[in-house]
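Coordinate inspection notes
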Amino acid sequence: QVQFVASGGGLVQPGGSLRLSCSPSGSFFFSTAHMGWYRLTPGQQRELVARVTIGESKSYADSVKGRFTISKDNARNTLVLQMNMMTPEDTGVYFCNTDRLAKANAWGQGTQVTVSS
């Protein structure tokens, strides 16, 4: 079963930007699945923050709309989350996943994002 490895997290000041990337651990093409970026924060459930369908239709959680952009880099077979104008509420561990694996609660490696001055 494929798993996904997220990278690009780190410490950023409020108002700053980060670019997260996600790569598959096995044979998988992002063009073949609906994909999402999820955020896990302490004491809360994992939240879907951005989603892109096979047909490139994109949707966002209200809390990140206008600040985050999800995209597929099919040439590099990478899923990207560009995060701008970040706030402390964006702090958490970020994961990417397919719709199916997310529903099955099968998760790969996330990346820690901390927004703090």
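Everything below is about the structure shown above.
For clarity, every value in this text was computed on a predicted model and none was experimentally measured.

**Considering the overall build of the chain**
Along the backbone of the chain there are one helix and ten strands. The globule rule puts the C-alpha radius of gyration for 117 residues at 13 Å, and the 13 Å found for the chain is close to it. Across its three principal axes, the chain shows a C-alpha extent of roughly 40 × 25 × 25 Å. For the chain, with 117 residues in total, the buried portion stands at 43%. By sequence separation, contacts in the chain at least 24 residues apart represent 53% of the contacts at least 6 residues apart. Carbon and sulfur atoms provide 49% of the accessible area of the chain, an area that totals close to 6,100 Å². Averaging the coordinates of the 11 positive side-chain charges in the chain and doing the same for the 7 negative ones gives two points 5 Å apart.

Reading guide: rules and limits
- Along every chain, residues carry numbers that run from 1 in the direction the sequence is written.
- For this predicted model, a pLDDT threshold of at least 70 governs which residues receive local features, and a threshold of 80 or more governs which side-chain atom pairs are given and counted, while totals over whole chains, interfaces and linings are taken from all residues.
- For side-chain calculations, the full set of non-hydrogen atoms in the structure is used, while hydrogens and water are omitted.
- Helix and strand assignments follow DSSP, with helices taken as H or I runs no shorter than four residues and strands as E runs no shorter than two, numbered in order from the N terminus.
- What the globule rule says is 2.2 Å times the number of residues to the power 0.38, and the radius of gyration is computed from C-alpha atoms.
- Buried means the residue's accessible area, taken with a 1.4 Å probe over protein chains only, is under 20% of the maximum for its type, while exposed means over 50%, and partly exposed covers the values in between.
- Throughout, a residue-residue contact means that at least one pair of heavy atoms, one from each residue, lies within 4.5 Å.
- Methods summary: accessible areas were calculated by the Shrake-Rupley approach with a probe of 1.4 Å, and residue burial reflects only the protein chains presented.
- This count recognises Lys and Arg as positive and Asp and Glu as negative, with His and chain-terminal groups excluded.
- Charged side chains are reduced to one point each, which is NZ for Lys, CZ for Arg, CG for Asp and CD for Glu.

Purely geometric numbers; function is a separate question.
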